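Structural description and commentary
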Amino acid sequence: MTVTYFKRYRMQFDLRDGCIDAPDLPDNYQLARWHGNILEAHANAKFRSFREELDANVFPCLGDAEGCLRLMKEISCRQGFIPQATWLVTFVDPGTGRKENCGTVQGIREQTDVGSIQNLGIAPIHRGKGIGTVLLANSLKGFMSVGIKFVNLEVTAQNYGAVRLYQRMGFRTLRTVFKSIDVTY
Ligand SMILES: CC(C)(COP(=O)(O)OP(=O)(O)OC[C@H]1O[C@@H](n2cnc3c(N)ncnc32)[C@H](O)[C@@H]1OP(=O)(O)O)[C@@H](O)C(=O)NCCC(=O)NCCS
């Protein structure tokens, strides 16, 4: 057995600090609040966002369409699932009207006033347009609306873009952890 260790940061956002500003999406993008009938759209956005990424090595289910669907079902059935912190972004092609699921984030409650962000992801061709920022801000507002005071997440240290986004939003690193993965083929 060959084991690899991934360095990850546990980060936290303190919602007691004040209000969250959620910028608007660029043209042709739409934000959808959680509803059970868009579970598959979230799973599809998750798969398209993670399949080529480092985190698909850390969590193999993220690299697989069926795995993403199972994960979405599992997250949305959890007792602590927070619909208000769960958002989907869809791109609507202005020429054809075709819709594409391109961004997702989910929220769960860990303790009475502590929540956690699950799998923020934007499909590669839609990155760098502020969509991750919009999803994160709306998720934080959703946590706040249900009385959460602290929002946690874990990010792989080598995932520089994501770490930068979280730091820019105001997350601070609580500690460093190492996740062991069996990489035997
Ligand atoms: C991390 C991730 C969610 C960021 O999503 P994103 O939509 O690209 O995020 P944003 O566009 O809001 O911010 C990213 C960059 O775009 C820039 N940006 C923000 N708004 C912009 C705009 N309107 N126009 C152009 N660029 C913009 C930001 O300044 C930022 O620049 P940086 O590289 O200096 O940090 C995305 O890269 C991703 O899905 N990665 C793979 C999955 C993953 O690892 N998720 C995190 C798990 S913990």
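Given the structure is predicted, the values throughout are model-derived calculations rather than measurements. Numbering of residues begins from 1 in every chain and follows the order in which that chain's sequence is written. Only residues with pLDDT of at least 70 get local features here, since the model is predicted, and only at 80 or more are side-chain atom pairs given and counted; chain-wide, interface and lining totals rely on the full set of residues.

1. Brief notes about the nonpolar core
Side chains that are nonpolar tend, in soluble globular proteins, to be buried together. This is how the line gets drawn: For our purposes the nonpolar core covers buried Ala, Val, Leu, Ile, Met, Phe, Trp, Tyr and Cys residues that link as a set through C-beta atoms within 7 Å. Three exposure classes are used, all based on how many other C-beta atoms lie within 10 Å of a residue's own C-beta (placed from the backbone): buried at 20 or more, exposed at 12 or fewer, and partly exposed between those limits. In this description, a residue-residue contact is defined by the distance between C-beta atoms placed from the backbone, which must lie within 7 Å.
One finds Leu15, Leu135, Leu140, Phe143 and Val151 to be the most contacted residues of the largest nonpolar core, which totals 32 residues. Contact partners of leucine 135, with chain neighbours within four places excluded, come to Trp87, Val89, Gly103, Val105 and Leu120. By size, the runner-up hydrophobic cluster in this structure holds eight residues, among which are Leu62, Cys68, Leu71 and Met72.

2. Concerning the pairing of strand S5 (residues 114-122)
Heads up, the condition is: Under the DSSP-based scheme used, a helix requires at least four consecutive residues in state H or I and a strand at least two consecutive residues in state E, with every element numbered from the N terminus. Should DSSP find at least two bridges between two strands, the strands are regarded as paired. Looking down the strands as they point away from you, a crossover is right-handed if its path from the first strand over the helix to the second goes clockwise.
Within S5, eight of the nine residues are buried, which leaves it mostly tucked inside the rest of the structure. Relative to S5, strand S4 (residues 99-111) is paired through seven bridges, and the arrangement is antiparallel. Bridging across to S5, glutamine 111 finds its partner in valine 114. Once S4 ends, the chain turns through two residues before running back antiparallel as S5. Where S5 lies against strand S6 (residues 150-156), three bridges are found, and the strand directions are parallel. What sits directly across from valine 114, in S6, is phenylalanine 150. Crossover handedness for the path S5 to helix H4 (residues 131-145) to S6: right-handed.

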